[in-house]
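# What the coordinates show
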There are 4 protein chains.
Amino acid sequence: MNPAQPIKVAIIGASGYAGEDLVRLLLGHPHADLVSVTSRQYAGQTLARVFPRYSHYPRAKALGFSEPSAESISKQAEVVFLALPHGVAAEYAIPLLQFGCRVIDLSADFRVKSASVYKEFYAHDHPAPDLLETSVYGLPEVNRAAIKNASLVACPGCYPTSILLPTLPLLRSQLIKSTGIIADSLSGVSGAGRKLELDYLFAECNESMRPYGVPKHRHLSEIEQELSLAAGGPVVIQFTPHLIPVTRGILTTLYLAPSEHFADETAAEKLNKQIAECYEAAYGNEPFIRVLEGKALPDTKNVIGTNFLEIAWRLDPRTGRLIVMSAEDNIIKGTSGQAIQCFNMMCGFPETAGLI
Amino acid sequence: MNPAQPIKVAIIGASGYAGEDLVRLLLGHPHADLVSVTSRQYAGQTLARVFPRYSHYPRAKALGFSEPSAESISKQAEVVFLALPHGVAAEYAIPLLQFGCRVIDLSADFRVKSASVYKEFYAHDHPAPDLLETSVYGLPEVNRAAIKNASLVACPGCYPTSILLPTLPLLRSQLIKSTGIIADSLSGVSGAGRKLELDYLFAECNESMRPYGVPKHRHLSEIEQELSLAAGGPVVIQFTPHLIPVTRGILTTLYLAPSEHFADETAAEKLNKQIAECYEAAYGNEPFIRVLEGKALPDTKNVIGTNFLEIAWRLDPRTGRLIVMSAEDNIIKGTSGQAIQCFNMMCGFPETAGLI
Amino acid sequence: MNPAQPIKVAIIGASGYAGEDLVRLLLGHPHADLVSVTSRQYAGQTLARVFPRYSHYPRAKALGFSEPSAESISKQAEVVFLALPHGVAAEYAIPLLQFGCRVIDLSADFRVKSASVYKEFYAHDHPAPDLLETSVYGLPEVNRAAIKNASLVACPGCYPTSILLPTLPLLRSQLIKSTGIIADSLSGVSGAGRKLELDYLFAECNESMRPYGVPKHRHLSEIEQELSLAAGGPVVIQFTPHLIPVTRGILTTLYLAPSEHFADETAAEKLNKQIAECYEAAYGNEPFIRVLEGKALPDTKNVIGTNFLEIAWRLDPRTGRLIVMSAEDNIIKGTSGQAIQCFNMMCGFPETAGLI
Amino acid sequence: MNPAQPIKVAIIGASGYAGEDLVRLLLGHPHADLVSVTSRQYAGQTLARVFPRYSHYPRAKALGFSEPSAESISKQAEVVFLALPHGVAAEYAIPLLQFGCRVIDLSADFRVKSASVYKEFYAHDHPAPDLLETSVYGLPEVNRAAIKNASLVACPGCYPTSILLPTLPLLRSQLIKSTGIIADSLSGVSGAGRKLELDYLFAECNESMRPYGVPKHRHLSEIEQELSLAAGGPVVIQFTPHLIPVTRGILTTLYLAPSEHFADETAAEKLNKQIAECYEAAYGNEPFIRVLEGKALPDTKNVIGTNFLEIAWRLDPRTGRLIVMSAEDNIIKGTSGQAIQCFNMMCGFPETAGLI
């Protein structure tokens, strides 16, 4: 693809929060040309009507939602984003790939490499097991080379992004043990999608804090897959998501066991230095990872509306544990922004194009 | 004391959120007669003016805030509530006890039995070490007998209440190990008090989720003291508090290790039954503890505005851990409501008087 | 009815926010015996299961939701609360009244005395026009005598309560003109009911402020009816409701024209005194109306969770207008609490029973 | 000034919400070079440290806050933004203008042309009355020509922007009367500034709705000045601001009287068409004004984070009134974004530079 030319792109399923954010990011993207968006619910209406917030883009006034059709879209777009429920996404990915499109899938359909693990966590047979081998897990900071050439990118889930990015470098460098990992996460309500369930009404969420999906949330499947790859052996973790009355954001607190004890202050200082170096090596040049210094701790307020992920850590000499905390916008770095980051890499654009 | 007679009570330091809630609970209490409230800031104003919400109580219109004076208060009240900062509370407790009042202290001054641990966590010498022996840790469900006869009750902190109540029975019955305990807690902003700091402005807290006080929060001192008592040996735990944009509520997620493995479903069922029996034995008759059944998980929405604490648990066969979750109103069960519960016990009133 | 005996009561349609609050208030009511609650959605489940918050009431554990049946309920309960959609409520009111029950209806079905006005605003024929004459508009502060003996009470809407209570005394005493009245109201999201519409999802309401129903909201029909009665002639007003991201509360700002100019400070002082006297005469002995003094202005925070309504006013010498502001809990004083107030009057109980 | 060259700019008083937003907008501005920011409170710290959210801008890491000094800043910057309290702003404007800088003032100091009106509303003598004649009221859609050549621009207040933009075209075209105008506004809490007052604590604002500043808010002075200019004679309006628990946004509901009655549907249709044409003539080519069509009504959710202002209107045949509603981000279109819009015009840049 030629970076000088805008790339024609389409979004299938643009009516949810992730789809809406893709619309926003692609309308404002300097190298993308949004030629098609689909939504059964909004078919026939313009983008400007459905999302008045973006109506100042000329394209938003010109472009209407259409019924989803893989064949028709494949004739218009080179890259297609799927913002569909799991199970449904695969149905579109198969023909689109056959028609020669490159596909960036925001669903869970191609994240897990094992069809049987998929079935265990998603409770139905994998709809396209043949594609699992070619799909690339779209975590830019980890799979850059593979993403560049991928025809099918499976963008990570929002929780996995907030857990994997802080953990993978520590695991790969063996600074932490691969056992006993606990991830305690807090998510804004947009993470539940634009979904008609009583649980997500304002009056049910406001002034409420609650865990859910305890103890076996679906995202465990991809989290453990990627941690296992980094650790070189099977990793099983504890993961507890909570629903919090904010619209956007995920805050994750990780409880980790350093590989070596740090009995005294000297040892703690040494370990702190090693962790700092590990993150510097992994993320020093990353445009969207912010490793906090000094007394600062992650705060979702500082990342919502952006593609950034913040990381900070503390050693606890009393317990011997390493506490790592991260913050991200669940819909951007956790979903659509990350998809754009993959898109930029796939097309040879600057990785930050349309994101800063 | 004679239950038929209302008891004359006073509040020293009634201008913060805990003090205001004590005002509310005592104005509505069937057996309490609020005869004095103090606040430097509001001295000279009536309760009704400062807290219009309670102005329908005749006493709120009649009673004005005065400057705090232990001697003067001791002449009016039999029981005195202290809603003062740590360090300051002890200054009033000493003379009040000498004058013969019974004291219910909401500060941290008398919770920790060791003056040196107090100094480690609160960074100043204990202001009244002689009183530490006689003070009673005011967790009603645990110290009922001692509270009844106490002259000085130290009400537990809000986080400790949410952590101790779900953990103590399991620890006492040795269903869990005393090592490796992790408490991950979420608190509403009222927990920071009515305090003028930028961090607690609406625009700084709204749409924000953030950890703080990592890894050594002051409440660890009393939590570990009480856990150690239950375990019969020193317990060190991990505790991470987070600030969440709700006014009230604490949600705690506990990561615990069962004493015995539950390798198969039969073992898990057995353990689940043991835990259920353990909680039934501990709390089956408790008026304010709600152990949830079926699929229900704690939600602060279901306890705010009340003195109830909700508990639920899940075994995770994948990790071998026991996850216990609790929810409470940080200002009521976590502070003022618990103080009233202690007051009821001290005076021989029904424990729920003024609380349901 | 004999005040010494608890009255047997039932709620038809107890699954929405108003119904849930009736459950709460009736479970805690000293003179009511809740014998039946119905809900198609929850039929077969206990109150304690559906509303864990109230599970400490023994009755909540014993009583299950049943399918609604007027005949069966009429055999159990003397007084029946209807918390049903308009149109549906009348279907139950007719047989219940025939079977001899007294009915307290929270819907709009019996508020408007004219079947044609009802049709104009509710877009369907009135389902029981014969009952319109006997129904009593259940605004306790205004219709006390009629409510006491009513067999059918139509509880006012939440907006009307917040508008009528501050306006009626001024209109009756002719301190204000009956023309040009503007009511600008802000409501929390619970006002929309426990309803599955995208508009009321947390992520759609949070950080959103928006007008709706402009310029002809249904509540205008009952507001203008009651204002006209007080003015002794037809009154037409402007009313604009707004949706605000709080769970509970209505704040109303009223723009009114004093009958006489207050050109100078003396005239303004005189008018202020007349208004104060007018409110004192109307509400000085009312248990749930709080007319604010000094610099205080209404704040929903001070009334939510209660049956109180706050009122304050300001004269504007620059424009010659009188600004009156009110605050209430939309679900309590605006709906269920007011219904309980009516119930108390109908049964000869103290008006504050179960409400303070 | 040469558009090809970035313009060197400074911000005096960059620690509040308006100042922070200026920092954000100027760091990302394609034609601005932020060379100096001042803050007594943060002097010595880098922008990246104080505002971690913007730390990815190289300039944010390089640039530190300094103590404010007009002379020193005048040597570095061509255009200086003042984000200071009223009264203080003028103290810096005087020397900066003398040193040859162009000044964009976000305070109220130069908005009102009359020093005596200023004193009436701000309660102190005007600190620089000589400058009042040369200052330009920085409402881009209204004063474009004057802003271009101004040396001193006084950016409008947040409420005035939300009131003037919907009202001025109607007044100028005499579609509405200049009497009886009512503006009822709702503001997010950031409008109160990053200020340490109890009233703006999270726990005081959350679940609260309240009017304030009734009936004579300071912003009336500039609103009435600009309305009077448009009407060609003195205009006095009613204005009621309310504090709402959102971080950002202003929603204004305007009650206006059309100049001619619209007794029947034909007249109403005609008037609707005239209003539509009036707004089209005024704002059809404006990049930041969005006049809504169809059933859409303004919602702050659709404008926060942007420089857009939304307008919609409804005629009410029952009352003869015209209801106009607007929504904006109080900190962007209401403050800092508008300042950037002025900056762009003053420097000959595209008006949307750095804003879309």
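If you're wondering where the values come from, they're calculated on a predicted model, not measured in any experiment.

## A closer look at the overall build of chain A
The helix and strand tally for chain A stands at 12 helices and 14 strands. Relative to the 2.2 N^0.38 estimate, which gives 21 Å for 356 residues, the radius of gyration of chain A is 20 Å and therefore close to what a compact globule would have. Each principal axis of the C-alpha distribution contributes one length, and for chain A these read about 65 × 45 × 40 Å. Considering chain A as a whole, with its 356 residues, one finds that 58% of them fall into the buried category. A sequence separation of at least 24 residues applies to 69% of the contacts in chain A between residues at least 6 apart.

## Re the relation of the copies chain A and chain B
The operation relating chain A to chain B is a screw motion whose rotation component is 180°, with 0.0 Å of axial translation and a residual RMSD of 0.0 Å. Taken together, the rotation and translation describe the operation of a two-fold axis. Residue by residue, 100% of the interface of chain A is reproduced at the interface of chain B, so both copies engage with the same surface.

## Looking at the interface of chain A and chain B
At the junction of the two partners, chain A supplies 37 residues and chain B supplies 37 residues. Those elements giving two or more residues to the side of chain A that touches chain B turn out to be β8 (182-187), β9 (210-211), β10 (238-243), β11 (250-256), β13 (309-316) and β14 (321-328) of chain A. Classifying every residue of the side of chain A that touches chain B gives 18 nonpolar, nine polar and 10 charged.

## So, the relation of the copies chain A and chain C
Taken as rigid bodies, chain A and chain C are interconverted by a rotation of 180° and an axial shift of 0.0 Å, the fit giving an RMSD of 0.0 Å. Taken together, the interface assignments show that 100% of the residues at the interface of chain A recur at the interface of chain C, consistent with an identical surface on both copies.

## Here's the deal with the sheet that holds β14 of chain A
Residues and elements named next belong to chain A. One open sheet holds the seven strands; their spatial order is β9-β10-β8-β11-β14-β13-β12, and the pairing between them is mixed. Unpaired on one side and paired on the other, β9 and β12 (289-291) mark the two borders of the sheet. With three bridges connecting them, β12 and β13 associate as parallel partners. Paired with arginine 290 across the bridge in β13 is glutamate 310.

## Here we look at the interface of chain A and chain C
Interfaces are often sized by the amount of accessible area the parts lose when they come together. Contacts between the two partners involve 15 residues from chain A and, on the opposite side, 15 residues from chain C. Among the elements that line the side of chain A that touches chain C, the one with the most residues is helix α9 (residues 202-205) of chain A, at three residues. Taken together, the residues that form the side of chain A that touches chain C break down as 10 nonpolar, three polar and two charged.

## Overview of the confidence of the model for chain A
Where the model shows low pLDDT, its predicted coordinates should not be examined in detail. Of all residues in chain A, 99% have pLDDT values of 70 or greater, and the mean over the chain is 96. Overall fold confidence (pTM) sits at 0.97, and the ipTM for the predicted complex is 0.97.

## Points about the sheet that holds strand β9 (residues 210-211) of chain D
Residues and elements named next belong to chain D. Strand order in the open sheet formed by seven strands is β9-β10-β8-β11-β14-β13-β12, and the pairing between neighbours is mixed. Each edge of the sheet is formed by a strand with only one pairing partner; in this case those strands are β9 and β12 (289-291). In this structure, strand β8 (residues 182-187) lies alongside strand β11 (residues 250-256), joined through six bridges in antiparallel fashion. In the sheet register, isoleucine 182 faces β11, and the bridge partner there is tyrosine 255. Each of β12 and β13 (309-316) touches helix α11 (residues 265-283); the most contacted strand, β13, lies at about 165° to it.

## Some details on unusual backbone geometry
The amide bond that connects valine 214 of chain C to the next residue, proline 215 of chain C, takes the cis arrangement and shows omega of 0°. The topology assignment puts proline 215 of chain C in the loop between β9 (210-211) and α10 (220-231). Of note in this structure, alanine 123 of chain A is not a glycine but carries a positive phi near 65°. Relative to the assigned elements, alanine 123 of chain A resides in the loop between α6 (115-122) and β6 (136-137). Given 9 C-beta atoms within a 10 Å radius, alanine 123 of chain A is considered exposed.

## A short note on the pairing of strand β10 (residues 238-243) of chain C
Residues and elements named next belong to chain C. Among the six residues of β10, six are classified as buried, and the element is accordingly described as predominantly covered. Residue alternation in β10 divides its side chains into two sets, Gln238, Thr240 and His242 and Phe239, Pro241 and Leu243, and both sets are buried. Pairing geometry for β9 and β10, over two bridges, is antiparallel. Within the sheet, the bridge partner assigned to proline 211 lies in β10 and is histidine 242.

## Quick word on the domain arrangement of chain A
Residues and elements named next belong to chain A. Taken as a whole, chain A is organised into domain 1 (7-134) and domain 2 (159-330). The centre of domain 1, based on its C-alpha atoms, is set 28 Å off from the matching centre of domain 2. At the interface, 11 residues of domain 1 touch seven residues of domain 2. For the side of domain 1 that touches domain 2, the element with the highest residue contribution is α6, accounting for four residues. Residue classes in the side of domain 1 that touches domain 2 are distributed as seven nonpolar, two polar and two charged.

## Looking at the environment of asparagine 307 of chain A
All names here are of chain A. Here asparagine 307 is to be found in the loop between β12 and β13. The spacing of asparagine 307 and alanine 60 is 247 residues in sequence and 23 Å in space, taken between C-alpha atoms. If sequence neighbours within four positions are ignored, asparagine 307 has contacts with Phe288, Ile332, Lys333, Gly337, Gln341 and Leu355.

## A look at the environment of leucine 26 of chain B
Residues and elements named next belong to chain B. Tracing the sequence through the fold places leucine 26 in helix α1 (residues 17-27). With 310 residues separating them along the chain, leucine 26 and serine 336 place their C-alpha atoms 9.9 Å apart. When residues no more than four places from it in sequence are discounted, the contact partners of leucine 26 are Val9, Ala32 and Leu34.

## Observations concerning helix α1 (residues 17-27) of chain A
Of all 11 residues making up α1 of chain A, 11 are buried, and the element is well covered by its neighbours. Of the residues making up α1 of chain A, those classed as buried are Tyr17, Ala18, Gly19, Glu20, Asp21, Leu22, Val23, Arg24, Leu25, Leu26 and Leu27 of chain A.

## Some thoughts on the pairing of strand β1 (residues 7-12) of chain B
All names here are of chain B. Counting buried positions along β1 gives five out of six residues, so the element sits mostly inside the fold. By the bridge criterion, six bridges tie β1 to strand β2 (residues 32-38) in an arrangement that is parallel. Note that in β2 the partner of isoleucine 7 across the bridge is alanine 32. Sheet analysis places β1 next to strand β4 (residues 79-82), joined by four bridges and oriented parallel.

## With respect to the packing of α1 of chain A against helix α12 (residues 332-347) of chain A
All names here are of chain A. Look at α1 against α12: their axes get within 9 Å of each other, and the N-to-C directions meet at 40°. By the criterion of interaxial angle, the relationship of α1 to α12 is oblique. In this structure, α1 meets α12 at a crossing whose hand is right-handed. Across from Ala18, Asp21, Leu22 and Leu25 in α1, the residues of α12 making contact are Ile332, Thr335, Ser336, Gly337, Ala339 and Ile340. Of the residues assigned to the contact of α1 with α12, the class counts are six nonpolar, three polar and one charged.

The rules behind these values
Residues numbered from 1 in each chain as written. Chains lettered and ligands numbered in written order. Predicted model: local features only at pLDDT ≥ 70, side-chain atom pairs only at ≥ 80, totals over all residues. Helix = DSSP H or I, 4+ residues; strand = E, 2+ residues; numbered from the N terminus. Rg over C-alpha atoms; globule rule 2.2 N^0.38 Å. Buried ≥ 20, exposed ≤ 12 C-beta atoms within 10 Å, placed from the backbone. Contact = placed C-beta atoms within 7 Å. Least-squares fit on C-alpha atoms with pLDDT ≥ 70 in both. Nonpolar A, V, L, I, M, F, W, Y, C, P; charged D, E, K, R; others polar. Pairing = 2+ DSSP bridges. pLDDT = per-residue confidence, 0-100. Axes fitted to C-alpha atoms, helices over the stretch in contact; angles between N-to-C directions. Domains from an automatic or database assignment. Parallel < 35°, antiparallel > 145°, perpendicular 65-115°, else oblique. Left-handed = near helix turned anticlockwise from the far one by under 90°.

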